[in-house]
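# Analysis of the macromolecular model
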Amino acid sequence: MQKQYKLITPGSSVLDLGCAPGAWLQVACQSLGPLKNGGAVVGIDLKKVKVPPMHCDSRVQTVCADALNLPKNKLKALSPQQKGFGVILSDMCPLVSGISIRDAALSAELGMRALDLAVGGVSLLHSDDIVQGEGRSECSNSTPKNDGLLQPGGHLVIKLLESEDVKEFGQLCKPLFKKAAWLRPKATRSCSKEIYLICQGLL
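Everything quoted here is computed from the prediction, not taken from an experiment.

Parameters at a glance
- Residues numbered from 1 in each chain as written.
- Predicted model: local features only at pLDDT ≥ 70, side-chain atom pairs only at ≥ 80, totals over all residues.
- Heavy atoms only, no water.
- Helix = DSSP H or I, 4+ residues; strand = E, 2+ residues; numbered from the N terminus.
- Buried < 20%, exposed > 50% of the residue type's maximum accessible area, 1.4 Å probe, protein only.
- Contact = heavy atoms within 4.5 Å.
- Pairing = 2+ DSSP bridges.
- Axes fitted to C-alpha atoms, helices over the stretch in contact; angles between N-to-C directions.
- Core = buried A, V, L, I, M, F, W, Y, C linked by side-chain atoms within 4.5 Å.

Along the chain, the position of Ser90 falls in strand E4 (residues 85-90). By relative accessible area, which is 3% here, Ser90 ends up buried. Separated by 20 residues in the primary sequence, Ser90 and Leu110 have C-alpha atoms spaced 8.6 Å apart. Residues within four places of Ser90 in sequence aside, it is in contact with Leu17, Ala114, Val157, Ile158 and Lys159.

The following block contains the structure:
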């Protein structure tokens, strides 16, 4: 995914939601370039995750916490100069029960939380637009840049379990980003329902 989309560039600030076991931490750190370039990688997970010392440097830190309950201001405080992040990766996944409808609903809930963390209440405004077909231009001009953790021009990746509901995520994100596309990575098992929504260039 990183090779194809170049989401993480030298000096980027990256927030990795659901970072266990640490694969994205390694990829993100290696994509930051030399230490002199700066940048930061912050991983959040319910499990305690040790930073892989062979592939990561001092720019990587992990926090054992529930991303669903962490206030945005605490997350923003972890970013360089407290200015938010240039890339947000959500690899969060529910504990799979085997009941596909339930699992998909829980996955969608995690995805919506990631979207809210990234762009703020604007996601809910656009959700209303889709349902009601009404414009919300008065609010959408000011909400996204002040309420979310993703910087203008930033990228967002959300892992979801395929279902009818995931199509709504594409509808929500397309008006907010320059590009929004679906990807099933080659590394994903053929029987897996995991799919990624890749959003580039927050407007």
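There is more to say, and it comes next.
So, on to the sheet that holds strand E1 (residues 13-17). Spatially, the seven strands line up as an open sheet ordered E3-E2-E1-E4-E5-E7-E6, and their pairing is mixed. Of all strands in the sheet, those with a lone pairing partner are strand E3 (60-64) and strand E6 (177-183), marking the two edges. The average undirected angle you get between the axes of adjacent strands in this sheet is 15 degrees. In this structure, E1 lies alongside strand E2 (residues 40-45), joined through five bridges in parallel fashion. If you follow Asp16 over to E2, its bridge partner there is Gly43. Packed on one face of the sheet, helix H2 (residues 23-31) meets E1, E2, E3 and E4 and runs near 170 degrees to E2. Sheet strands touched by helix H8 (residues 166-173): strand E5 (150-161), E6 and strand E7 (194-202). Its angle to E6, the strand with the most contacts, is close to 160 degrees.

In terms of nonpolar packing, the biggest core is built from 33 residues, with Leu15, Leu17, Ile44, Ile88, Leu156 and Phe177 touching the most fellow members. Among the elements of the structure, E1, E2, E4, helix H4 (100-119), E5, H8 and E7 are those that each provide at least two residues to this core. Looking at which element gives the most residues to this core, the answer is H4, with seven residues. Discounting residues that sit within four places of it in the chain, Leu156 has contacts with Ile88, Leu115, Ala118, Leu150, Phe177, Leu197, Ile198 and Cys199. Formed by 20 residues, the second largest nonpolar core is a distinct cluster that contains Val14, Cys19, Leu25 and Val41.

Another aspect to go through is the pairing of E7. Burial within E7 is extensive, with eight of its nine residues counted as buried. Of the strand pairs in this sheet, E5 and E7 are connected by six bridges, and their pairing is antiparallel. The residue of E7 that forms the bridge with Leu156 is Cys199. Alignment of E6 against E7, held across six bridges, turns out to be antiparallel. If you follow Ala181 over to E7, its bridge partner there is Ile198.

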